[in-house]
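One letter stands for each residue in the lines below.
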Amino acid sequence: MRRNTYQQVISALREGVHSKRAIQDHTGLSWGSCSPVINHLLAQGMIIAGDMGSDHTGSKGRKTRYFNFSSKHFLLMGMDIEQSAINCCVATLGNEPLGYHREIFDQPVDGLNLRANILQAYQHCCEHLEIESNRIDSISLSLSGAIDEAQKIWLYSPRIEGIDTYDFSDLEGIKGFPDKLYIQHDIHAQANSIIPNTDLNGRDYVFVHVGEGIGMSANMGGIIYGSRGFAGEIGHIPYPYITKEISCSCGNKNCLETVLNSTRILKFVNQQADMSVDTIRDMDDQQILQDTVHQWILPPLVYMATIVSNIFDPQQIIIGGSVLEPFYNYIITPFEEQLREQAWLNGPSEICWYRTEDMDGAYGAILHSGTRIVEGIIDRIDLDHYQ
(Lines give C-alpha, C1' and ligand atoms only; values in the text may rest on other atoms or scores of the structure.)
Protein backbone atom coordinates (compact mmCIF):
# COMPACT_ATOMS: atom_id res chain seq x y z
CA MET A 1 0.00 0.00 0.00
CA ARG A 2 2.76 2.46 0.94
CA ARG A 3 4.76 1.62 -2.15
CA ASN A 4 1.70 2.09 -4.35
CA THR A 5 1.09 5.55 -2.88
CA TYR A 6 4.67 6.57 -3.63
CA GLN A 7 4.33 5.29 -7.19
CA GLN A 8 1.08 7.16 -7.76
CA VAL A 9 2.35 10.47 -6.40
CA ILE A 10 5.70 10.33 -8.21
CA SER A 11 3.99 9.26 -11.44
CA ALA A 12 1.54 12.17 -11.16
CA LEU A 13 4.40 14.62 -10.75
CA ARG A 14 6.24 13.07 -13.72
CA GLU A 15 3.11 13.50 -15.84
CA GLY A 16 3.01 17.24 -15.15
CA VAL A 17 0.55 17.28 -12.24
CA HIS A 18 1.96 19.76 -9.73
CA SER A 19 -0.68 21.28 -7.44
CA LYS A 20 -2.11 19.73 -4.29
CA ARG A 21 -5.63 19.51 -5.68
CA ALA A 22 -4.45 18.19 -9.05
CA ILE A 23 -2.39 15.45 -7.38
CA GLN A 24 -5.44 14.36 -5.39
CA ASP A 25 -7.65 14.37 -8.49
CA HIS A 26 -5.06 12.52 -10.58
CA THR A 27 -4.31 9.79 -8.04
CA GLY A 28 -7.76 9.49 -6.46
CA LEU A 29 -6.06 9.62 -3.05
CA SER A 30 -6.98 11.80 -0.10
CA TRP A 31 -4.55 14.52 0.91
CA GLY A 32 -4.13 12.62 4.14
CA SER A 33 -2.58 9.81 2.10
CA CYS A 34 -0.57 12.09 -0.21
CA SER A 35 0.77 14.51 2.38
CA PRO A 36 3.21 12.15 4.18
CA VAL A 37 4.64 11.08 0.82
CA ILE A 38 5.02 14.69 -0.35
CA ASN A 39 6.69 15.68 2.92
CA HIS A 40 9.07 12.73 2.69
CA LEU A 41 10.01 13.54 -0.90
CA LEU A 42 10.60 17.16 0.13
CA ALA A 43 12.85 16.01 2.98
CA GLN A 44 14.76 13.72 0.61
CA GLY A 45 15.41 16.66 -1.72
CA MET A 46 13.67 14.89 -4.59
CA ILE A 47 11.04 17.61 -5.02
CA ILE A 48 10.74 21.31 -4.23
CA ALA A 49 7.70 23.39 -3.29
CA GLY A 50 6.56 26.87 -4.30
CA ASP A 51 3.52 29.09 -4.89
CA MET A 52 1.89 29.43 -8.30
CA GLY A 53 -0.63 32.21 -7.67
CA SER A 54 -4.27 32.28 -6.62
CA ASP A 55 -6.26 29.08 -7.02
CA HIS A 56 -9.63 30.95 -6.96
CA THR A 57 -11.16 28.13 -4.96
CA GLY A 58 -10.73 29.36 -1.43
CA SER A 59 -10.36 32.62 0.40
CA LYS A 60 -9.37 35.77 -1.46
CA GLY A 61 -5.71 35.85 -2.41
CA ARG A 62 -5.11 32.25 -1.43
CA LYS A 63 -2.01 30.80 -3.08
CA THR A 64 -1.82 27.37 -4.66
CA ARG A 65 1.19 25.38 -3.54
CA TYR A 66 2.91 23.47 -6.29
CA PHE A 67 5.49 20.71 -6.25
CA ASN A 68 8.10 19.88 -8.85
CA PHE A 69 11.22 17.76 -9.17
CA SER A 70 14.51 19.24 -8.05
CA SER A 71 17.07 20.30 -10.65
CA LYS A 72 19.88 19.56 -8.19
CA HIS A 73 19.13 16.09 -6.82
CA PHE A 74 17.96 12.72 -8.20
CA LEU A 75 19.14 13.68 -11.68
CA LEU A 76 19.14 11.25 -14.61
CA MET A 77 21.71 10.81 -17.37
CA GLY A 78 21.17 9.17 -20.72
CA MET A 79 23.91 8.07 -23.13
CA ASP A 80 23.63 7.16 -26.81
CA ILE A 81 26.71 5.17 -27.83
CA GLU A 82 27.95 5.73 -31.38
CA GLN A 83 30.97 4.35 -33.22
CA SER A 84 33.30 7.22 -32.27
CA ALA A 85 31.30 9.27 -29.79
CA ILE A 86 28.91 9.15 -26.84
CA ASN A 87 26.04 11.63 -26.69
CA CYS A 88 24.93 12.53 -23.16
CA CYS A 89 21.83 14.18 -21.73
CA VAL A 90 21.04 15.10 -18.14
CA ALA A 91 17.42 15.56 -17.04
CA THR A 92 15.38 15.90 -13.88
CA LEU A 93 13.25 13.08 -12.57
CA GLY A 94 10.40 14.94 -14.25
CA ASN A 95 12.13 14.45 -17.64
CA GLU A 96 13.08 18.10 -18.04
CA PRO A 97 16.39 18.25 -19.95
CA LEU A 98 19.07 20.25 -18.15
CA GLY A 99 21.82 20.01 -20.75
CA TYR A 100 23.75 17.98 -23.30
CA HIS A 101 27.33 16.93 -23.96
CA ARG A 102 28.95 15.06 -26.84
CA GLU A 103 32.15 13.16 -26.06
CA ILE A 104 34.20 12.45 -29.19
CA PHE A 105 37.00 9.87 -29.16
CA ASP A 106 40.19 9.62 -31.21
CA GLN A 107 39.69 5.88 -31.68
CA PRO A 108 36.47 3.98 -32.46
CA VAL A 109 34.51 2.70 -29.49
CA ASP A 110 34.94 -1.06 -29.04
CA GLY A 111 34.54 -3.78 -26.46
CA LEU A 112 37.96 -3.09 -24.97
CA ASN A 113 37.66 0.66 -24.41
CA LEU A 114 33.90 0.87 -23.83
CA ARG A 115 34.04 1.01 -20.04
CA ALA A 116 36.76 3.68 -19.99
CA ASN A 117 34.91 5.71 -22.62
CA ILE A 118 31.63 5.61 -20.67
CA LEU A 119 33.38 6.75 -17.49
CA GLN A 120 35.17 9.52 -19.40
CA ALA A 121 31.96 10.71 -21.05
CA TYR A 122 30.19 10.67 -17.68
CA GLN A 123 32.90 12.71 -15.96
CA HIS A 124 33.22 15.25 -18.76
CA CYS A 125 29.44 15.65 -19.06
CA CYS A 126 29.18 16.45 -15.35
CA GLU A 127 32.04 18.92 -15.64
CA HIS A 128 30.59 20.53 -18.77
CA LEU A 129 27.18 21.01 -17.14
CA GLU A 130 28.73 21.92 -13.77
CA ILE A 131 26.88 19.13 -11.98
CA GLU A 132 28.42 17.22 -9.09
CA SER A 133 28.66 13.58 -10.13
CA ASN A 134 26.98 12.38 -6.93
CA ARG A 135 23.82 14.25 -8.00
CA ILE A 136 23.23 11.77 -10.82
CA ASP A 137 20.92 9.04 -9.53
CA SER A 138 21.01 6.69 -12.52
CA ILE A 139 22.34 6.31 -16.03
CA SER A 140 20.52 4.87 -19.06
CA LEU A 141 22.32 3.58 -22.14
CA SER A 142 20.97 3.45 -25.69
CA LEU A 143 22.64 0.54 -27.54
CA SER A 144 22.49 -0.87 -31.06
CA GLY A 145 22.10 -4.56 -31.87
CA ALA A 146 20.90 -7.22 -29.42
CA ILE A 147 20.63 -6.64 -25.68
CA ASP A 148 19.33 -8.31 -22.54
CA GLU A 149 17.73 -5.48 -20.54
CA ALA A 150 17.07 -7.53 -17.42
CA GLN A 151 20.62 -8.91 -17.12
CA LYS A 152 22.21 -5.67 -18.41
CA ILE A 153 24.17 -7.50 -21.09
CA TRP A 154 25.00 -6.19 -24.56
CA LEU A 155 24.90 -9.36 -26.63
CA TYR A 156 25.92 -8.06 -30.05
CA SER A 157 26.30 -4.84 -32.02
CA PRO A 158 26.58 -4.41 -35.80
CA ARG A 159 28.35 -1.07 -35.32
CA ILE A 160 30.64 -1.52 -32.31
CA GLU A 161 33.48 -4.00 -32.62
CA GLY A 162 34.18 -6.55 -29.90
CA ILE A 163 30.73 -6.62 -28.32
CA ASP A 164 30.10 -10.19 -27.23
CA THR A 165 27.89 -10.60 -24.14
CA TYR A 166 29.29 -7.39 -22.64
CA ASP A 167 28.18 -7.17 -18.99
CA PHE A 168 27.45 -3.66 -17.69
CA SER A 169 26.61 -4.69 -14.12
CA ASP A 170 30.20 -4.18 -12.92
CA LEU A 171 29.87 -0.44 -13.64
CA GLU A 172 27.28 -0.04 -10.92
CA GLY A 173 28.77 0.99 -7.62
CA ILE A 174 32.05 2.37 -8.98
CA LYS A 175 33.06 5.39 -6.93
CA GLY A 176 31.74 8.56 -8.49
CA PHE A 177 29.44 6.64 -10.85
CA PRO A 178 25.66 6.13 -10.36
CA ASP A 179 24.57 3.07 -8.40
CA LYS A 180 21.88 2.25 -10.96
CA LEU A 181 22.41 1.60 -14.67
CA TYR A 182 19.81 0.65 -17.26
CA ILE A 183 20.22 -0.42 -20.88
CA GLN A 184 17.82 -0.50 -23.82
CA HIS A 185 17.86 -1.04 -27.56
CA ASP A 186 18.44 2.25 -29.36
CA ILE A 187 15.26 1.85 -31.43
CA HIS A 188 13.15 2.11 -28.25
CA ALA A 189 15.15 5.15 -27.08
CA GLN A 190 14.74 6.77 -30.50
CA ALA A 191 11.01 6.06 -30.49
CA ASN A 192 10.59 7.54 -27.02
CA SER A 193 12.36 10.72 -28.09
CA ILE A 194 9.99 11.12 -31.05
CA ILE A 195 6.71 10.03 -29.44
CA PRO A 196 6.13 13.23 -27.36
CA ASN A 197 6.11 15.17 -30.66
CA THR A 198 3.39 13.01 -32.23
CA ASP A 199 0.66 13.67 -29.63
CA LEU A 200 -0.03 9.96 -29.19
CA ASN A 201 -1.25 10.21 -25.61
CA GLY A 202 -0.62 6.55 -24.89
CA ARG A 203 -2.18 5.13 -28.04
CA ASP A 204 -0.84 2.04 -29.79
CA TYR A 205 1.85 2.74 -32.35
CA VAL A 206 4.61 1.18 -34.42
CA PHE A 207 7.77 3.25 -34.87
CA VAL A 208 9.96 2.41 -37.88
CA HIS A 209 13.41 3.88 -38.52
CA VAL A 210 15.15 3.38 -41.88
CA GLY A 211 18.76 4.42 -41.37
CA GLU A 212 21.98 2.38 -41.25
CA GLY A 213 19.63 -0.54 -40.67
CA ILE A 214 15.88 -0.88 -40.25
CA GLY A 215 14.55 -0.90 -36.70
CA MET A 216 11.06 -1.13 -35.28
CA SER A 217 9.54 -0.45 -31.87
CA ALA A 218 5.97 -1.66 -31.36
CA ASN A 219 3.84 -0.44 -28.47
CA MET A 220 0.60 -2.33 -28.03
CA GLY A 221 -0.35 -1.26 -24.51
CA GLY A 222 3.37 -1.59 -23.73
CA ILE A 223 6.59 -2.17 -25.64
CA ILE A 224 6.76 -5.62 -27.27
CA TYR A 225 10.16 -7.17 -26.59
CA GLY A 226 9.72 -10.83 -27.51
CA SER A 227 10.95 -13.84 -25.53
CA ARG A 228 14.63 -12.95 -26.06
CA GLY A 229 14.24 -9.19 -26.34
CA PHE A 230 14.82 -9.22 -30.11
CA ALA A 231 11.35 -8.16 -31.30
CA GLY A 232 11.43 -5.42 -33.93
CA GLU A 233 13.99 -6.78 -36.40
CA ILE A 234 11.70 -6.03 -39.31
CA GLY A 235 14.70 -5.22 -41.53
CA HIS A 236 15.74 -8.88 -41.54
CA ILE A 237 12.55 -10.22 -43.07
CA PRO A 238 13.41 -11.65 -46.52
CA TYR A 239 12.16 -9.51 -49.41
CA PRO A 240 10.90 -11.97 -52.05
CA TYR A 241 11.07 -9.62 -55.05
CA ILE A 242 14.85 -9.29 -55.31
CA THR A 243 15.93 -10.61 -58.71
CA LYS A 244 19.62 -10.90 -57.83
CA GLU A 245 20.79 -12.44 -54.54
CA ILE A 246 22.21 -9.88 -52.07
CA SER A 247 24.06 -10.82 -48.88
CA CYS A 248 23.06 -9.09 -45.65
CA SER A 249 25.32 -8.19 -42.73
CA CYS A 250 23.27 -10.58 -40.56
CA GLY A 251 24.56 -13.54 -42.61
CA ASN A 252 21.31 -14.17 -44.47
CA LYS A 253 20.39 -13.07 -47.98
CA ASN A 254 17.85 -10.70 -49.49
CA CYS A 255 16.75 -9.04 -46.22
CA LEU A 256 14.76 -5.82 -46.54
CA GLU A 257 17.85 -3.97 -45.29
CA THR A 258 19.77 -5.08 -48.38
CA VAL A 259 17.39 -2.99 -50.53
CA LEU A 260 16.42 -0.13 -48.22
CA ASN A 261 19.90 1.14 -47.43
CA SER A 262 21.77 4.23 -48.58
CA THR A 263 24.47 2.31 -50.49
CA ARG A 264 22.03 0.38 -52.68
CA ILE A 265 19.81 3.39 -53.27
CA LEU A 266 22.82 5.54 -54.23
CA LYS A 267 23.99 2.84 -56.63
CA PHE A 268 20.55 2.83 -58.28
CA VAL A 269 20.55 6.64 -58.53
CA ASN A 270 23.98 6.69 -60.18
CA GLN A 271 22.95 4.00 -62.65
CA GLN A 272 19.81 5.90 -63.56
CA ALA A 273 21.67 9.19 -63.94
CA ASP A 274 24.71 7.63 -65.62
CA MET A 275 26.92 9.65 -63.30
CA SER A 276 28.61 9.41 -59.90
CA VAL A 277 27.36 11.34 -56.84
CA ASP A 278 28.62 10.72 -53.33
CA THR A 279 25.31 11.29 -51.50
CA ILE A 280 21.65 11.45 -52.45
CA ARG A 281 21.58 15.09 -51.38
CA ASP A 282 24.04 15.85 -54.21
CA MET A 283 21.46 14.75 -56.76
CA ASP A 284 19.26 17.61 -58.03
CA ASP A 285 17.59 15.83 -60.95
CA GLN A 286 13.97 15.68 -59.80
CA GLN A 287 12.99 13.04 -62.35
CA ILE A 288 15.76 10.71 -61.20
CA LEU A 289 14.66 11.12 -57.59
CA GLN A 290 11.04 10.35 -58.49
CA ASP A 291 12.10 7.30 -60.51
CA THR A 292 14.18 6.08 -57.57
CA VAL A 293 11.18 6.36 -55.25
CA HIS A 294 8.78 4.49 -57.53
CA GLN A 295 11.15 1.86 -58.90
CA TRP A 296 13.39 1.12 -55.91
CA ILE A 297 12.12 2.47 -52.58
CA LEU A 298 8.32 2.30 -52.58
CA PRO A 299 7.80 -1.43 -53.30
CA PRO A 300 9.84 -2.78 -50.34
CA LEU A 301 8.76 0.06 -48.05
CA VAL A 302 5.05 -0.56 -48.69
CA TYR A 303 5.64 -4.32 -48.43
CA MET A 304 7.21 -3.86 -44.99
CA ALA A 305 4.57 -1.39 -43.77
CA THR A 306 1.75 -3.68 -44.92
CA ILE A 307 3.17 -6.52 -42.85
CA VAL A 308 3.48 -4.22 -39.84
CA SER A 309 -0.04 -2.86 -40.27
CA ASN A 310 -1.70 -6.25 -40.73
CA ILE A 311 0.09 -7.92 -37.82
CA PHE A 312 -0.15 -5.17 -35.20
CA ASP A 313 -3.15 -3.10 -36.36
CA PRO A 314 -1.65 0.03 -34.74
CA GLN A 315 -3.48 3.32 -34.42
CA GLN A 316 -0.42 5.01 -35.83
CA ILE A 317 2.64 4.14 -37.87
CA ILE A 318 5.50 6.56 -37.26
CA ILE A 319 8.12 6.29 -39.99
CA GLY A 320 11.26 8.08 -41.11
CA GLY A 321 15.04 7.94 -41.13
CA SER A 322 18.06 9.26 -42.97
CA VAL A 323 17.57 6.91 -45.94
CA LEU A 324 14.05 8.20 -46.63
CA GLU A 325 14.41 11.91 -45.84
CA PRO A 326 15.94 13.02 -49.19
CA PHE A 327 12.84 11.59 -50.91
CA TYR A 328 10.10 12.98 -48.66
CA ASN A 329 8.77 15.32 -51.36
CA TYR A 330 8.09 12.33 -53.62
CA ILE A 331 7.43 9.42 -51.29
CA ILE A 332 4.90 10.49 -48.66
CA THR A 333 1.74 10.71 -50.78
CA PRO A 334 2.21 7.56 -52.92
CA PHE A 335 3.36 5.58 -49.87
CA GLU A 336 0.26 6.43 -47.90
CA GLU A 337 -2.02 5.75 -50.88
CA GLN A 338 -0.46 2.37 -51.62
CA LEU A 339 -0.39 1.30 -47.96
CA ARG A 340 -4.09 2.05 -47.59
CA GLU A 341 -4.79 0.07 -50.77
CA GLN A 342 -2.83 -2.99 -49.66
CA ALA A 343 -3.26 -3.08 -45.87
CA TRP A 344 -6.22 -4.78 -44.22
CA LEU A 345 -9.18 -2.34 -43.97
CA ASN A 346 -7.05 0.63 -45.07
CA GLY A 347 -4.36 0.25 -42.42
CA PRO A 348 -3.63 2.58 -39.49
CA SER A 349 -5.76 5.64 -38.80
CA GLU A 350 -2.67 7.84 -38.86
CA ILE A 351 0.71 7.82 -40.57
CA CYS A 352 3.29 10.20 -39.14
CA TRP A 353 6.67 11.14 -40.62
CA TYR A 354 9.63 12.44 -38.66
CA ARG A 355 13.17 13.67 -39.33
CA THR A 356 16.36 12.17 -37.93
CA GLU A 357 17.34 15.54 -36.46
CA ASP A 358 14.31 15.24 -34.15
CA MET A 359 15.60 11.98 -32.63
CA ASP A 360 17.51 12.19 -29.37
CA GLY A 361 18.75 8.77 -28.29
CA ALA A 362 20.35 9.97 -25.05
CA TYR A 363 17.17 11.71 -23.88
CA GLY A 364 15.03 8.87 -25.21
CA ALA A 365 17.03 6.40 -23.11
CA ILE A 366 15.99 8.34 -20.01
CA LEU A 367 12.35 8.33 -21.09
CA HIS A 368 12.34 4.63 -21.91
CA SER A 369 13.90 3.74 -18.54
CA GLY A 370 11.42 5.88 -16.62
CA THR A 371 9.34 3.16 -15.00
CA ARG A 372 12.43 1.16 -13.96
CA ILE A 373 14.07 4.31 -12.62
CA VAL A 374 11.09 5.17 -10.41
CA GLU A 375 10.84 1.60 -9.13
CA GLY A 376 14.54 1.62 -8.31
CA ILE A 377 14.27 4.90 -6.43
CA ILE A 378 11.31 3.68 -4.39
CA ASP A 379 13.29 0.55 -3.54
CA ARG A 380 16.11 2.70 -2.17
CA ILE A 381 14.38 5.53 -0.33
CA ASP A 382 13.45 4.94 3.29
CA LEU A 383 9.78 3.96 3.22
CA ASP A 384 9.76 3.79 7.02
CA HIS A 385 9.30 7.56 7.00
CA TYR A 386 5.80 7.01 5.66
CA GLN A 387 3.33 7.49 8.47
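Preceding this paragraph is the structure being described.
Residues numbered from 1 in each chain as written. Predicted model: local features only at pLDDT ≥ 70, side-chain atom pairs only at ≥ 80, totals over all residues. Heavy atoms only, no water.

Turning next to the sheet that holds strand β9 (residues 166–167). The 3 strands are arranged β7-β8-β9 in an open sheet whose pairing can be described as antiparallel. Every interior strand has two partners, whereas the edge strands, β7 (146–148) and β9, have only one. Summarising the sheet, β7 and strand β8 (residues 153–156) pair through 3 bridges and their orientation is antiparallel. Looking at β8, one finds that A146 is bridged to Y156. (Pairing = 2+ DSSP bridges. Helix = DSSP H or I, 4+ residues; strand = E, 2+ residues; numbered from the N terminus.)

Take the sheet that holds strand β5 (residues 97–104) next. In spatial order, the strands read β5-β4-β3-β6-β10; together these 5 strands make up an open sheet with mixed pairing. Either end of the sheet is taken by a strand with one partner, and the two such strands are β5 and β10 (180–185). Going across the sheet, the axis of each strand differs from the next one's by a mean of 20 degrees, ignoring polarity. Sheet topology places strand β3 (residues 75–81) next to strand β4 (residues 85–91); 6 bridges connect them, and they run antiparallel. In the sheet register, L76 faces β4, and the bridge partner there is A91. Across the sheet, helix α10 (residues 370–380) is in contact with β3, β6 (136–143) and β10; its angle to β10 comes to roughly 165 degrees. (Axes fitted to C-alpha atoms, helices over the stretch in contact; angles between N-to-C directions. Contact = heavy atoms within 4.5 Å.)

Our next topic: the packing of helix α1 (residues 2–14) against helix α3 (residues 31–44). The geometry of α1 relative to α3 is characterised by a closest axis approach of 10 Å and an angle of 70 degrees between their N-to-C directions. As summarised for this structure, α1 and α3 are arranged roughly perpendicular, according to the angle between their axes. Each of T5, Y6, V9 and I10 in α1 lies in contact with α3, whose residues at this interface are S33, C34, V37, I38, H40 and L41. Classifying every residue of the contact of α1 with α3 by side-chain character gives 7 nonpolar, 3 polar and no charged. (Parallel < 35°, antiparallel > 145°, perpendicular 65-115°, else oblique. Nonpolar A, V, L, I, M, F, W, Y, C, P; charged D, E, K, R; others polar.)

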